Amino acid sequence: LVSQPPPADLEKSPYADLVNKHKVNIDFRKFITIEGVSASEFRKDKVYIQEHTAVIFTSRNAVDHFFRIAKDMRVDIPDSMKYFCISEATAFYLQKYVQYRKRKIFQGHQNFDDLIDLIKKHKDEKFLLPCSDIHKMSLIHRLDENKINYSKAIIYKTLASDLSDISISEYDLLVFFSPAGVTSLFKNFPEFKQNSTLIGAFGPSTVNAVKESGLNVNILAPTKTALSMTVAIEQHIVKNNKKK
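Quick caveat, the model's predicted, so the values are computed rather than measured.

Draft legend 1. How the structure looks around the overall build of the protein. Each helix and strand in the protein was counted, giving nine helices and nine strands. If one aligns the C-alpha atoms of the protein with their principal axes, the spans along those axes are about 60 × 35 × 35 Å. Burial status across the protein gives 42% buried among its 244 residues. The long-range share in the protein, meaning contacts at least 24 apart out of those at least 6 apart in sequence, stands at 66%. Element-wise, carbon and sulfur atoms account for 49% of the exposed surface of the protein, whose accessible area totals about 14300 Å². One way to put it: in the protein the 35 positive side-chain charges average out to a point 4 Å from where the 28 negative ones average out.

Draft legend 2. Helix H7 (residues 179-188), seen in detail. Taken as a whole, H7 has its buried residues at Ala180, Gly181, Val182, Ser184 and Leu185. Tucked into the core, H7 has its buried residues touching strand S1 (32-36), strand S6 (150-160), strand S7 (173-176) and helix H8 (204-212).

Draft legend 3. Representation of the layout of surface pockets within the structure. Quantified by volume, the second largest pocket comes out at close to 460 Å³. Along its surface, the second largest pocket is lined by 20 residues, and Val24, Asn25, Ile26, Asp172 and Leu173 are the ones closest to its centre. Counting residues per element, the ones that place at least two in the lining of the second largest pocket are helix H1 (14-22), S7 and helix H9 (229-243). Its residues assigned to classes, the lining of the second largest pocket shows 13 nonpolar, three polar and four charged.

Draft legend 4. Representation of the pairing of S6. When S1 meets S6, the two strands line up antiparallel, connected through five bridges. If you follow Thr33 over to S6, its bridge partner there is Leu159.

Draft legend 5. Seen up close, the sheet that holds strand S4 (residues 105-107). Strand order in this open sheet of six strands is S1-S6-S5-S2-S3-S4, and the pairing throughout is mixed. Strands at the two margins of the open sheet, each flanked by one partner only, are S1 and S4. Averaged over all pairs of adjacent strands, the angle between strand axes in this sheet comes to 25°, irrespective of strand direction. Direction of pairing for strand S2 (residues 54-57) relative to strand S5 (residues 127-132): parallel, over a ladder of two bridges. Within S5, the position partnered with Ala54 by the bridge is Phe127. Running over the sheet, helix H3 (residues 60-72) touches S1, S2, strand S3 (82-85), S5 and S6 and is turned about 110° from S6. Helix-sheet contacts for helix H6 (residues 137-145) involve S2, S5 and S6, and the interaxial angle to S6 is about 175°.

Draft legend 6. Broad picture of the sheet that holds strand S9 (residues 219-221). Taken in spatial order, the three strands line up as S7-S8-S9 in an open sheet, and their pairing is parallel. Both outer strands of the open sheet, S7 and S9, are each paired with one neighbouring strand and no more. Averaged over all pairs of adjacent strands, the angle between their axes in this sheet comes to 10°, without regard to strand direction. Sheet topology places strand S8 (residues 198-202) next to S9; three bridges connect them, and they run parallel. Within the sheet, the bridge partner assigned to Gly200 lies in S9 and is Ile219. This element, H8, spans S7, S8 and S9 of the sheet and lies at about 145° to S8. With respect to the sheet, H9 is in contact with S7, S8 and S9, its orientation differing from that of S9 by roughly 145°.

Here is what the cut-offs are and how they apply
Residues numbered from 1 in each chain as written. Predicted model: local features only at pLDDT ≥ 70, side-chain atom pairs only at ≥ 80, totals over all residues. Heavy atoms only, no water. Helix = DSSP H or I, 4+ residues; strand = E, 2+ residues; numbered from the N terminus. Buried < 20%, exposed > 50% of the residue type's maximum accessible area, 1.4 Å probe, protein only. Contact = heavy atoms within 4.5 Å. Areas by Shrake-Rupley, 256 points an atom, 1.4 Å probe, with all protein chains shown as cover. Lys, Arg positive; Asp, Glu negative; His and termini not counted. Charge placed at Lys NZ, Arg CZ, Asp CG, Glu CD. 1 Å grid on protein atoms, 1.4 Å probe; cavity = no way out; pocket = protein on both sides within 12 Å on 5 of 7 lines; lining within 4 Å. Points joined across faces, edges and corners; volume = space filled by probe spheres on them. Nonpolar A, V, L, I, M, F, W, Y, C, P; charged D, E, K, R; others polar. Pairing = 2+ DSSP bridges. Axes fitted to C-alpha atoms, helices over the stretch in contact; angles between N-to-C directions.

Encoded structure:
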């Protein structure tokens, strides 16, 4: 069970290779739901978009909800606003809302350290960090230790999906991609016991969340030999088939 929605084109995804090569069954289910914060809730935090000259985007959700909240509050985003995106994919997605100009859209390489290096070159800007109520504290620490002038704006919430129709004990492997997914597991199945169920976790924060929940991580990514979760799963299958 993969705790994400299915790929747009499953047959062209790495998961299809797993199914075809190793004859495994894979189900997809989104463990978390994103809900936007209302304009009235946002106002309570007394964060004013128009007082900032740059925005830091760490996800597509942040992009969507930033422009939604700006529209709901009738805030005009000036053409001079600069945007610092965690990855090329996020920067490309931003073009849904703003015209691409090299001078105002900057991108990292899926790594916040890359982005911090770019942000440090623009220390005169006042940054806005739109985020979820559940966010990585490591991002906040990196901004603080580099003395970046920024405000944090909670513009959406990460909630547990309703998984009551799932028989969780029927799965041999549960795959998580965020700490919020692990939280959702226990919100839906408070009596969950790992027993023989394998757990896959992507990223250090997800691995930590699994361990802090008292579970064992059996498959993890990224590693030097498995940059993706599908490769890590395949390596596990191959290794265990050899034992048999």
